[in-house]
Amino acid sequence: MPIDLAYSCHYCHSTQGTNFLATERMLGIGGEFTYVTCDACGSLQLLTVPQDLSPYYPSDYYSLGRLQPSGGLRNFLKKIRMRAFLATENSFFSPRFGGYWLKRLHPKFTDRIADVGCGNGQLLYELHVSGFKDLHGFDPYLPKTEQLAPGLKLWKQDLAETDLKFDLVMLHHSFEHLADPEGVLRICHERLNPGGRLLVRCPVANAAVWKQKQALWVQLDAPRHLSIPSTHGFVGAAKRSGFEVKEILFDSTAFQFWGTALYERGEKLDRSKMDTHFSSKQLEAWEQQAIQYNLEGKGDQACFFCVKAGGKVEDQA
Ligand SMILES: [Zn+2]
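### A closer look at the overall build of the chain
- Within the chain one finds nine helices and twelve strands.
- Relative to a compact globule of 317 residues, whose C-alpha radius of gyration would be 20 Å, the chain shows 20 Å and is just as compact.
- If one aligns the C-alpha atoms of the chain with their principal axes, the spans along those axes are about 55 × 55 × 40 Å.
- Buried residues in the chain amount to 51% of all 317 residues.
- Pairs at least 24 residues apart make up 68% of the contacts formed inside the chain by residues separated by at least 6 positions.
- With an accessible surface of roughly 15400 Å², the chain has 53% of that area assigned to carbon and sulfur atoms.
- Of the charged side chains in the chain, 35 are positive and 35 negative, and the gap between their average positions amounts to 7 Å.

Structure, rendered in structure tokens:
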């Protein structure tokens, strides 16, 4: 079906796409939303973003729940664990938030680090108690700007509004919520020091589950996910924004299977329903299948490790 509204792919700027309808399923609100698959790069995007998305972000939305602090002894142990984790190859020392992406970034404890779309700041808090000293979270949906501790500040603003420069900028599953992802890549480039690193973790349209199950794919997440790049599309947009993509690591999980299977059965995204619907054997099989999909480059999410390249940023097309 041809698209009938002005469309330009966020990632490759192609105006040729194929539209499809998706419905809100996570909360069971329903409604129909038109998405477009780019004919050139395979990235997905919501054709018309609703003026008010707030009904789709209820007050208990997971990323804005309360930060859970930990006590002095546990924080002391987290510090030791992080030093061992970064210094050795032993995954025994992996932090609970899963540090595979952190280790690949070779961070220094003194690096100035930004987390864009930081939600309640839990990840930055974990990095703070693990020994990192210059941490900044950005999220316009925070209730207020707050210095949580020396070296840990949450800003109620977008990254574009700060004058600070960073050694590392990270987006953990916030990129797919952005209306102008390429514009944000350019802002990240501006806010990074020379040679600075960018980590983007997001769903990707390479997903085999997307290809098989289409609009039932759990990480399509209409209408909250405004765009989902293909790896090809992301690399092109990152390059135009002055980045070199050094590595793409697929890190999908069993969630792609059980979340999608719940939607197939007409359920909302309710973890408590998992045990009713799926045996532990099935869940284990899905864990293994996710590992296999990641190896084959067809898992439903990935980490993009980018470096600020020395060259000039291309003019906006
Ligand atoms: Zn495209």
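There's plenty left to go through after this.
### Description of unusual backbone geometry
- The amide bond that connects Ala 222 to the next residue, Pro 223, takes the cis arrangement and shows omega of -10°.
- Considering the arrangement of structural elements, one finds Pro 223 in the loop between helix H5 (208–213) and strand S10 (227–228).
- Non-glycine residue His 106 carries a positive phi angle of around 45°.
- Within the fold, His 106 resides in the loop between helix H2 (100–104) and strand S4 (112–116).

### Describing the sheet that holds S10
- Reading across from one edge, S1-S2-S3-S10 is the order of the four strands in this open sheet, with antiparallel pairing throughout. With one partner strand each, in any of the chains shown, strand S1 (17–24) and S10 form the two edges of the open sheet.
- Pairing between S1 and strand S2 (residues 30–38): eight bridges, direction antiparallel. Bridging across to S2, Leu 21 finds its partner in Thr 34.

### What to know about the layout of surface pockets
- Reported here for the second largest pocket is a volume of approximately 430 Å³.
- At the level of elements, helix H3 (122–129), strand S6 (146–149) and strand S7 (152–155) are the ones that each hand at least two residues to the lining of the second largest pocket.
- The greatest single-element share of the lining of the second largest pocket, amounting to three residues, is contributed by S6.
- Class assignment of the residues belonging to the lining of the second largest pocket gives a composition of eleven nonpolar, three polar and three charged.

### A word on helix H6 (residues 231–240)
- Turning to H6, its buried residues number three or more, namely Thr 231, Gly 233, Phe 234, Ala 237, Ala 238 and Arg 240.
- Looking at the packing, one finds that the buried side of H6 touches helix H4 (181–191), strand S9 (192–203), strand S11 (243–250) and strand S12 (301–308).
- Looking one or two residues past H6, Gly 242 carries a phi angle of roughly 95°, positive in sign.

### Structural notes on the coordination of the zinc ion
- For the zinc ion, every protein donor is listed as Cys 9 (SG), Cys 12 (SG), Cys 38 (SG) and Cys 41 (SG), and the spread of their distances is 2.3 to 2.4 Å.
- One can describe the donor arrangement at the zinc ion as tetrahedral, given that its four donor atoms subtend angles of 98 to 116° at the metal.
- Mapping the donors of the zinc ion onto the primary sequence yields the spacing C-x2-C-x25-C-x2-C. In this pair, Cys 9 is assigned in the segment before S1 and Cys 41 in the loop between S2 and strand S3 (44–46), connecting sequence segments 32 residues apart.
- Assessed through its relative accessible area of 8%, Cys 41 is described here as buried.

### Brief notes about the side chain of Ser 252
- Counting through the fold element by element, Ser 252 comes out in the loop between S11 and helix H7 (255–264).
- Among the polar contacts made by the side chain of Ser 252, one reaches the side chain of Gln 256 at a distance of 2.8 Å.
- Reaching out from Ser 252, the side chain makes a polar contact with the side chain of Asn 294 at a distance of 2.6 Å.
- Leaving out residues up to four positions away in the same chain, Ser 252 has contacts with Ala 290, Asn 294, Gly 299, Asp 300 and Gln 301.

### A short note on H3
- Among the eight residues of H3, seven are classified as buried, and the element is accordingly described as predominantly covered.
- All buried positions along H3 are accounted for by Leu 123, Leu 124, Tyr 125, Glu 126, Leu 127, His 128 and Val 129.
- Of the residues trailing H3, Gly 131 is marked for its positive phi of about 115°.

Cut-offs used in this document
- Residues numbered from 1 in each chain as written.
- Predicted model: local features only at pLDDT ≥ 70, side-chain atom pairs only at ≥ 80, totals over all residues.
- Heavy atoms only, no water.
- Helix = DSSP H or I, 4+ residues; strand = E, 2+ residues; numbered from the N terminus.
- Rg over C-alpha atoms; globule rule 2.2 N^0.38 Å.
- Buried < 20%, exposed > 50% of the residue type's maximum accessible area, 1.4 Å probe, protein only.
- Contact = heavy atoms within 4.5 Å.
- Areas by Shrake-Rupley, 256 points an atom, 1.4 Å probe, with all protein chains shown as cover.
- Lys, Arg positive; Asp, Glu negative; His and termini not counted.
- Charge placed at Lys NZ, Arg CZ, Asp CG, Glu CD.
- Pairing = 2+ DSSP bridges.
- 1 Å grid on protein atoms, 1.4 Å probe; cavity = no way out; pocket = protein on both sides within 12 Å on 5 of 7 lines; lining within 4 Å.
- Points joined across faces, edges and corners; volume = space filled by probe spheres on them.
- Nonpolar A, V, L, I, M, F, W, Y, C, P; charged D, E, K, R; others polar.
- Donors = N, O, S within 2.8 Å, 3.2 Å for Na, K, Ca; no water.
- Tetrahedral: all angles 85-135°; square planar, octahedral: opposite > 155°, others 65-115°.
- Polar contact = N/O pair within 3.5 Å; in protein donor to acceptor, adjacent residues only side chain to side chain.

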